[in-house]
Amino acid sequence: RSKAMCTLKPHQVDFDLAWNKLVRTVDRVLQCEDVAKETWTDTFFTIYSLCVAAPEPHCGSLYTHVNSFLQQHCQAVLQRLDQVPDVELLAAYHRSWRTYYDGSSYLHRLFRYLNVHHVQKKQPSDADLCYGGMTRSADAHTLEVFELAMDIWYRMLQQLAPRLCPLVLAQIELSRRGVSIDGSRLSSVVQSFVDVVHWDRKRCLTFYTEQIEQLLLAQTAEFYAAEGDALFARQPVHRYIELVLQLLREDGERMQALLHPSSVDKVRQEAEQKLVENFLPQLNQAAVGFVEQEESTNLANLFQLTRSLPEGHKELRRLFEAHICSAGEQALATVGSSEPAAAAQEFVDGLRQLHEKFKAWVRGTFNDDAQFDRSLDLALSKVVNQLDAAGKKQCKSPELLARYVDAMLRKSSKAVSDSELEEKLSQCIGIFKYVEDKDVFQRHYQRLLSKRLILGVSHSSEAEEGMISKLKSACGYEFTSKFQRMFHDVRLSESQSSDFADAHGRDALGISLHVFVLTQGAWPLQASNTPFPRLPSPLERGVTLFQRYYTNKFQGRRLTWLHAHGTADMKLKFSRTYSATVGAAQAILLLQFNDLPASRTLSLADLANAVGVGEAELQRCLAPLIDCGILQADATGQQLHVNQEFHSKRSRLRVLPAPAKEAEKEQERVASQIQEDRKFFLQAAIVRIMKDRKRLNFNSLTQLVLVQTTPRFKPEVKMIKTCIESLIEKEYLTRSQAKLDEISYNG
Amino acid sequence: FASYAFEVDPTDDNGASAGASTPPLRIGAGGVAHLCRDLGLDPVDIRVLLLAWLCRAREMCAFTEAELRRGCAALRQAEAPTADGLRAALDARLDAMTGGRAGGRMSGDMLDVKDIDVAFKDLYRWAFDFGLESGQRTLQLPMATDLWALVFEARPSGVPPLLGAWLTWLQSGASGVKGVSRDTWNMFLTFIDTCGSDLSAYDHNEAWPSLIDDFVEAETDRANQNLLNC
């Protein structure tokens, strides 16, 4: 121990003597031969003492000697390998390399002191290396021993590479042809091209790329071009796709095992270009058939195959869209011809099936690809918006959808659970989002909602509110404000009516009066031009009292009575008592018979006189009463009397008059009203935009208008143009004198 | 004013005949007809329109004293021009506008090309107001077509080839319009200048008034139809 302490002190050392003693151990270490522990320690100390020798340390000479020793060693290896025939070269190189690599790392440890005290002190800083353009080299003694060893092997390998690399590539090609090779040996050989320059961060992959990767890419292209041609000629397309997928997968695994990870994608791209991109037109051709026959496996394969190509899916998406469109057209072809209620059902069911089916495609076949999802949406919205009602110009979808929702929200004999209803309504919103003419839907929905509310046939107010809030979240507050107003009105009326009844004493009127007070403008109702018949006295009195009550309560509000929309619940006393819900006019008709002796008949003319309505209207009211048997007509049809034998199983009856046959006219009115609304909306949008921008180019204005209107409907450019022109005429806007397409706002 | 009107145009007592009773006096319809007769011009001659334009007349078939004086000044006529003098000046003016196409004579005071273009544009725009019935915003279609037919006679680069088709199309009622807005009127000149004789320079995406869009569409359809028939 004391001796060891003593030797730690710097003292004079004879360099040559010491080196000669060293070099034998160094040689053994480099060749990975066994070295006794004492020898190792001894050598380590010798190196130490050389490095700290007095008066001058021998670091410099030691480094130079190690350098030339390694060079001689590598030179010898090269000479030996030069003698080895090609067949054995890979194996021989691999052996030498492994030994050298391991030996070098041992040597590195042996010369630790030199590394730390000589090399590391000379090394430039990281910053200088990165940005200062400085490099490390053997000459400057700035490579540590392991790095030095690698650098020297690198110089040797440069000379060997022209022989070695073709052998490497030949092995890879053999493997591609299905011959099994020694993968781990090959991989280690390939890795040596990276390892030898690994110490130099700046060019660590350059040698590998130049010597191996570039050659391999060229070889890959050539190999798979030939392979692709051969395969394509021999196999049907769908089989070709399968095989290529397999080829690519296998080759990917192979490359993963053999190459540096950075090359794997490059090789794959090269292979894909030859195997897929070159055949893309043919593949897309085949895709037409796959899509038509709905061969999902083939489609999934093709999707996977073309996935990584830029725009590789474009054609497939187009075909997918077209297929959905034609499937949609087929599915909905019959919708136009059935009667409205069934048509609505068919329409929604058809669309739901379409969506389910193709959504499954997107999920399964197309791997939930976002672009395919968008294609599905695009195609479905095309299907929805191009559905025309038997050649009529207006698209029928909004109305059908509104009708379907109406059917859902009505009380029905079929028991529907709340969750089921909720789900169906959500589906409707899904379809609603595809509808372009949202304003048309709005009108129809409003009309149907008003019927449901006034006749009190809603499934439940929760369901109604739920639907309104769904529409609100889809389209915004403004879209549903009228619906909400309507809903609100009905609720308010409820409390008002009971309030009114309380104020006047429940029995004072002899009847119970329920008045809907509806906000004008929010409801699709209009006071009819033909005056309504005089109300029978109990009703008349109620109406007058309510009018007084209401105008007292709300100063300055005006009530317009729409009796035609009213209904009456009447008690009919036959052999037993029935309660019947009838229209207001019908109630008046029935009251005419009230005080007559049982056998008396009334003529149509009498009735028309008493009620004061036209003949057509009279018939409309009478028909259901006669049909259900409450009234009976004589043979001529001119004389009516009460059917004393009336009998029905149910004690509650609904005998409302059939809706007026103005459907056709009504449709036209709705259509023209929508056009008017759109014009106003467009003009308002234009003025809003121009007020903000002051000056705008025509096309940008059109674009901005489109952005604002698309949530409601999709206007034609021509319509926007007309609106701009009418605004110019009204002098809200001016066309710029100098520039034809510039428009400015006259603020 | 009656006597003054006499002096303005001694060959014509139009001032008196027009509205002698109520000041301010002006030359009425009869007076204008008389004036035209004296000038040897049809009332629907382009030169009469030119005179009205130079007078900045506000209404058809009527001149106020101030208007007529302004017109005479513009034509560099004396305070009391003669019918012959006025006629000669109008001829010269038309020649200046059209480069002598109409009369075959070159006028002494040729205007700069740019100036006549500006002048014609002014004439064109003024014509809309001239034809407009008071209180209206749009020009009635028959009036518009008549004015279009007339005003282009004074166009420096000649009557545009498209004009005939335009007028025929408008008169056929296919356009479905009853009146022409100022914007459309003004833009039509730009349209004629830009798209020239054929419609190849026309771009549907530009901001042309929709009436012009419709016309071009109809014309293209007709052209295609002709091609098919051949």
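Residues numbered from 1 in each chain as written. Chains lettered and ligands numbered in written order. Predicted model: local features only at pLDDT ≥ 70, side-chain atom pairs only at ≥ 80, totals over all residues. Heavy atoms only, no water.

Turning next to the overall build of chain B. Tallying secondary structure elements over chain B gives 11 helices and 4 strands in all. Looking at the 230 residues of chain B, the share that counts as buried comes to 46%. Expressed as a percentage of contacts within chain B between residues at least 6 apart in sequence, the contacts between residues at least 24 apart total 62%. Just so you have it, chain B exposes about 11400 Å², and 52% of that area is on carbon and sulfur atoms. (Helix = DSSP H or I, 4+ residues; strand = E, 2+ residues; numbered from the N terminus. Buried < 20%, exposed > 50% of the residue type's maximum accessible area, 1.4 Å probe, protein only. Contact = heavy atoms within 4.5 Å. Areas by Shrake-Rupley, 256 points an atom, 1.4 Å probe, with all protein chains shown as cover.)

This paragraph deals with the overall build of chain A. If you tally the helices and strands in chain A, you get 29 helices and 9 strands. For chain A, buried positions account for 45% of its 747 residues. Excluding contacts between residues fewer than 6 apart, the proportion of contacts in chain A whose partners are at least 24 apart in sequence is 71%.

This part takes up the packing of helix α20 (residues 438–455) of chain A against helix α21 (residues 461–475) of chain A. Residues and elements named next belong to chain A. Between α20 and α21, the shortest axis-to-axis distance is 13 Å and the interhelical angle comes to 165°. Considering the angle they form, α20 stands roughly antiparallel to α21. Handedness of the α20/α21 crossing: left-handed. Two secondary-structure elements touch here, α20 through Lys 438, Phe 441, Tyr 445, Leu 449 and Arg 452 and α21 through Glu 464, Met 467, Leu 471 and Cys 475. Residues belonging to the contact of α20 with α21 are distributed by class as follows: 6 nonpolar, no polar and 3 charged. (Axes fitted to C-alpha atoms, helices over the stretch in contact; angles between N-to-C directions. Parallel < 35°, antiparallel > 145°, perpendicular 65-115°, else oblique. Left-handed = near helix turned anticlockwise from the far one by under 90°. Nonpolar A, V, L, I, M, F, W, Y, C, P; charged D, E, K, R; others polar.)

So, about the environment of Thr 734 of chain A. All names here are of chain A. For Thr 734, the location among the structural elements is in strand β8 (residues 733–735). Given a relative accessible area of 31%, Thr 734 falls into the partly exposed group. Considered as a pair, Thr 734 and Ile 724 are 10 residues apart in the sequence and their alpha carbons are 9.6 Å apart. Discounting residues that sit within four places of it in the chain, Thr 734 has contacts with Glu 742, Ile 743, Ser 744 and Asn 746.

What follows is about the interface of chain A and chain B. Tallying the contact residues gives 14 residues for chain A and 17 residues for chain B. Between the two partners, chain A and chain B, sit 3 salt bridges. For Arg 735 of chain A, the salt bridge identified is with Asp 183 of chain B, shortest N-O distance 2.6 Å. If you list the elements that add at least two residues to the side of chain A that touches chain B, you get α28 (698–709) and α29 (717–729) of chain A. Partitioning the side of chain A that touches chain B into residue classes produces 3 nonpolar, 3 polar and 8 charged. (Salt bridge = Lys/Arg side-chain N within 4 Å of Asp/Glu carboxyl O.)

Turning next to the packing of helix α25 (residues 604–611) of chain A against helix α26 (residues 615–627) of chain A. Residues and elements named next belong to chain A. Running from N to C, α25 and α26 point in directions that differ by 105°, and their axes come no closer than 11 Å. Between α25 and α26, the angle is such that the two are roughly perpendicular. Taken together, the residues of α26 that come into contact with α25 (itself represented by Leu 604, Leu 607 and Ala 608) are Leu 618, Gln 619 and Leu 622. Here the contact of α25 with α26 is built from residues that sort into 5 nonpolar, 1 polar and no charged.

Residues and elements named next belong to chain A. Within the open sheet, the 3 strands sit side by side as β7-β9-β8. Their pairing is antiparallel. Bordering the open sheet on either side are β7 (695–697) and β8, each of which pairs with just one other strand. Taken pair by pair, the neighbouring strands of this sheet meet at an average axis angle of 25°, ignoring direction. Relative to strand β9 (residues 742–745), β8 is paired through 3 bridges, and the arrangement is antiparallel. Among the inter-strand pairings, Thr 734 is bridged to a residue of β9, identified as Ser 744. (Pairing = 2+ DSSP bridges.)

Moving on, we get to the packing of aromatic side chains. Each pair of aromatic rings is reported with the distance of its centres and the angle of its planes. The final tally for this structure, using the stated rule, is 50 aromatic pairs over all chains. Here the aromatic rings of Phe 320 of chain A and Trp 361 of chain A are separated by 5.8 Å at their centres, their planes lie at 20°, and the arrangement is stacked. Taken together, the residues span a long stretch of sequence, with Phe 320 of chain A in helix α15 (residues 314–331) and Trp 361 of chain A in helix α16 (residues 340–364) at a distance of 41 residues. Among the aromatic residues, ring-to-ring pairing joins Phe 120, Tyr 124, Phe 128, Trp 148, Phe 152, Trp 166, Trp 169, Trp 185, Phe 188, Phe 191 and Phe 215 of chain B into one connected group. In this arrangement the basic side chain of Arg 452 of chain A is found over the ring face of Tyr 445 of chain A, its NZ or CZ atom lying 5.5 Å from the centre. (Phe/Tyr/Trp six-rings, centres within 6.5 Å; stacked < 30°, edge-to-face > 60°. Lys NZ or Arg CZ within 6 Å of the ring centre and 35° of its normal.)

As a rule of thumb, soluble globular proteins bury nonpolar side chains together. Residue and element names in this part refer to chain A. Membership of the largest hydrophobic core comes to 85 residues, with the highest contact counts inside it found for Phe 320, Phe 347, Leu 351, Leu 401, Tyr 445 and Leu 471. Other than its neighbours up to four places away in sequence, Leu 401 contacts Phe 347, Val 348, Cys 428, Ile 431, Phe 432, Val 435 and Phe 441. Judged by nonpolar contacts, the second largest core, of 74 residues, contains Leu 62, Leu 160, Val 197 and Val 267. (Core = buried A, V, L, I, M, F, W, Y, C linked by side-chain atoms within 4.5 Å.)

Moving on: α25 of chain A. Residues and elements named next belong to chain A. Three or more residues of α25 are buried, namely Leu 604, Leu 607 and Val 611. Down the axis of α25, the buried side of the element spans an arc of 65°, and every buried residue falls inside it. Looking at α25, the residues exposed on the side facing more than 90 degrees away from the buried face are Ala 605 and Asn 609. Against α24 (584–592), β3 (602–603), α26 and β5 (639–642) lie the buried residues of α25. Taken from the residues just after α25, Gly 612 is the one with a positive phi, measuring 75°. (Arc of directions from axis to C-beta.)

All names here are of chain B. Mean pLDDT over chain B: 69, with 67% of residues reaching 70 or higher. In the model, residues 1–23 has pLDDT below 50 throughout and makes 36 contacts with residues more than four positions away in sequence or in other chains. Note that residues 102–110 has pLDDT below 50 and, in this model, 12 contacts with residues that lie over four places away or in other chains. Among the prediction metrics, the complex's ipTM stands at 0.70, with pTM recorded as 0.69. (pLDDT = per-residue confidence, 0-100.)

Mapping Asn 205 of chain B onto the fold places it in the loop between α10 (182–195) and α11 (210–229). When its relative accessible area of 51% is taken as the criterion, Asn 205 of chain B is described as exposed. Contact partners of Asn 205 of chain B, with chain neighbours within four places excluded, come to Phe 698 and Asn 699 of chain A.

This part covers unusual backbone geometry. All names here are of chain A. At Cys 32, a position not held by glycine, the phi torsion is positive, near 60°. Its place among the elements puts Cys 32 in the loop between α2 (15–30) and α3 (37–51). We classify Cys 32 as partly exposed; its relative accessible area is 31%. Phi is positive for Glu 294, which is not a glycine, with a value near 55°.

Next up on the list: the pairing of strand β6 (residues 652–655) of chain A. Residue and element names in this part refer to chain A. Across the two faces of β6 the burial differs, with Leu 653 and Val 655 buried and Arg 652 and Arg 654 not buried at all. Relative to β6, strand β2 (residues 577–583) runs parallel, the two sharing 4 bridges. Counterpart to Ala 580 in the pairing with β6 is Leu 653.

What follows is about the sheet that holds β5 of chain A. Ordered in space as β3-β5-β4 (chain A), the 3 strands form an open sheet in which the pairing is antiparallel. Only two strands of the sheet have a single partner each, and these edge strands are β3 and β4 (631–633) of chain A.

This next bit is on the pattern of salt bridges. Residue and element names in this part refer to chain A. One pass over the structure, following the stated rule, counts 35 salt bridges over all chains. As a salt-bridge pair, Arg 410 and Asp 406 come within 3.0 Å of each other at their nearest N and O atoms. Residue Arg 410 is classed as partly exposed on the basis of its relative accessible area, which comes to 26%. Asp 406 sits in the buried class, given a relative accessible area of 7%. Glu 742 is the salt-bridge partner of Arg 695, the closest N and O atoms lying 2.5 Å from each other. Residue Arg 695 is found in strand β7, and its partner Glu 742 is found in strand β9; the two are separated by 47 residues along the sequence. Look at the salt bridges and you will find they share partners, linking Asp 406, Arg 410, Arg 452 and Glu 464 into a network.

As a further point, take the environment of Ser 192 of chain A. Residues and elements named next belong to chain A. In this fold, Ser 192 is placed in helix α9 (residues 183–195). Exposure remark for Ser 192: the relative accessible area of 0% places this residue in the buried category. Considered as a pair, Ser 192 and Tyr 101 are 91 residues apart in the sequence and their alpha carbons are 9.0 Å apart. With residues up to four places along the chain from it excluded, the contact list for Ser 192 reads Tyr 93, Trp 97 and Leu 157. A polar contact is formed between the side chain of Ser 192 and the side chain of Tyr 93, at a distance of 2.9 Å. (Polar contact = N/O pair within 3.5 Å; in protein donor to acceptor, adjacent residues only side chain to side chain.)

What follows concerns the side chain of Glu 321 of chain A. All names here are of chain A. Along the chain, Glu 321 falls in helix α15. Buried and unpaired, Glu 321 has Lys 382 as its nearest opposite-charge partner, separated by 4.3 Å. For Glu 321, the residues in contact, after removing those within four places along its chain, are Ser 375, Leu 378, Ala 379 and Lys 382. (Lys, Arg positive; Asp, Glu negative; His and termini not counted.)

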